[in-house]
Amino acid sequence: MRLIAAILALTLVAIGAGALAGLHLFAAAERVADAKKTATPPPLASSYAGSARLRKLSPIVTNLAAPANNWARVEASMVTDSMSDEDAGILAAHISEDIVTYLRSATVGQFEGSRGLQHLRDDLAERANIRSSGKVRELIIETLVIQ
């Protein structure tokens, strides 16, 4: 009988300790949730200065070098330093011409896989940077469709 009473007493002590620990953890979780609700997220840092502008190029459709029946359609944008709209329009036209020239000398095999797409992106960005004398910070390929 003493054994049963001792087990019963230990069980009641364990239940009490568990309940206190649970209440303590619940209160701590509520404090953390309240702190997250009131915290403001840090502002996103832009890698570009305030004067940078995103300018969309007109869609480019041209045939590829090989095979001759394949066509490519590219939609791209460029990030430029501050410049007038007229200068930006002229620069966009020149960059579009460079993209057409590059695509007409390329084959479908050059664009296969992620590595091929990365090479295309790097080559076009380099051409745009050279054409603009460093005014184009980045050339963003939005879509590339090859048929």
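These notes cover the structure that comes with them. (Residues numbered from 1 in each chain as written. Predicted model: local features only at pLDDT ≥ 70, side-chain atom pairs only at ≥ 80, totals over all residues. Heavy atoms only, no water.)

1. Quick look at the environment of Ala66
Condition: Runs of E in the DSSP output that reach at least two residues are strands. Runs of H or I that reach at least four are helices, and both are numbered from the N terminus. Here a residue-residue contact requires only that any non-hydrogen atoms of the pair lie within 4.5 Å.
Assignment of secondary structure puts Ala66 in the loop between strand E2 (60-63) and strand E3 (71-80). Taking C-alpha positions, Ala66 is 87 Å from Ala9, a pair spaced 57 residues apart along the chain. Other than its neighbours up to four places away in sequence, Ala66 contacts Ala106, Thr107 and Val108.

2. Digging into a nonpolar patch on the surface
Which entries qualify depends on this criterion: To count toward a patch, a residue needs a relative accessible area over 30% and no salt bridge; like charges are then connected within 9 Å, while nonpolar side chains (Val, Leu, Ile, Met, Phe, Trp, Tyr) are connected within 5 Å. Residue exposure ignores everything except the shown protein chains as possible cover, and the areas themselves are Shrake-Rupley values with a 1.4 Å probe. We define a salt bridge as a contact between a side-chain nitrogen of Lys or Arg and a carboxyl oxygen of Asp or Glu at a distance within 4 Å. For the exposure calls, accessible area comes from a 1.4 Å probe over protein chains only, and a residue counts as buried if that area is under 20% of its type's maximum, exposed if over 50%, partly exposed in between.
Residues Leu8, Leu12 and Ile15 make up a contiguous nonpolar surface patch of about 320 Å² in total accessible area. Structurally, Leu8 is set in helix H1 (residues 2-38). Classification of Leu8 as exposed rests on a relative accessible area of 53%.

3. Structural notes on the pattern of salt bridges
Evaluation of the coordinates by the stated rule reveals eight salt bridges. Across the pair Arg121 and Asp122 runs a salt bridge whose closest N-O atoms are separated by 3.8 Å. On the accessibility criterion, Asp122 (36% relative accessible area) is partly exposed. By sharing partners, the salt bridges in this structure join Arg53, Arg55 and Asp85 into a single network.

4. Focus on the pairing of E3
Consecutive side chains along a regular strand alternate between the two faces of the sheet. Spelled out, the test is: Here the rule is simple: two strands pair whenever DSSP picks up at least two bridges between them.
Here E3 lies mainly inside the structure; eight of its ten residues are buried. Note that strand E1 (residues 53-56) and E3 share four bridges and pair antiparallel. Its bridge partner lying in E3, Lys56 is registered against Ser77. Relative to E3, E2 runs antiparallel, the two being bridged by four bridges. If you follow Asn63 over to E3, its bridge partner there is Trp71. Pairing of E3 with strand E4 (residues 136-146) involves nine bridges; the strand directions are antiparallel.

5. With respect to the nonpolar core
Note the threshold: In these notes, a set of buried Ala, Val, Leu, Ile, Met, Phe, Trp, Tyr and Cys residues joined through side-chain atoms within 4.5 Å is what counts as a nonpolar core.
Ranked by internal contacts, the top residues of the largest apolar core, which has 22 residues, are Leu57, Met78, Ile95, Ile99, Leu103, Phe111 and Leu139. Those elements that provide at least two residues to this core are E3, helix H2 (85-104), helix H3 (113-131) and E4. The dominant element in this core, judged by the number of residues it contributes, is H2, at seven residues.

6. Observations concerning unusual backbone geometry
Phi is mostly negative for residues that are not glycine, and the peptide bonds are mostly trans. Here the bond from Ala66 into Pro67 is cis, since omega is -15°, no more than 30 degrees from zero. Tracing the sequence through the fold places Pro67 in the loop between E2 and E3. One non-glycine residue, Ser133, adopts positive backbone phi at about 60°. Tracing the chain through its elements places Ser133 in the loop between H3 and E4. Residue Ser133 is classed as exposed on the basis of its relative accessible area of 67%.

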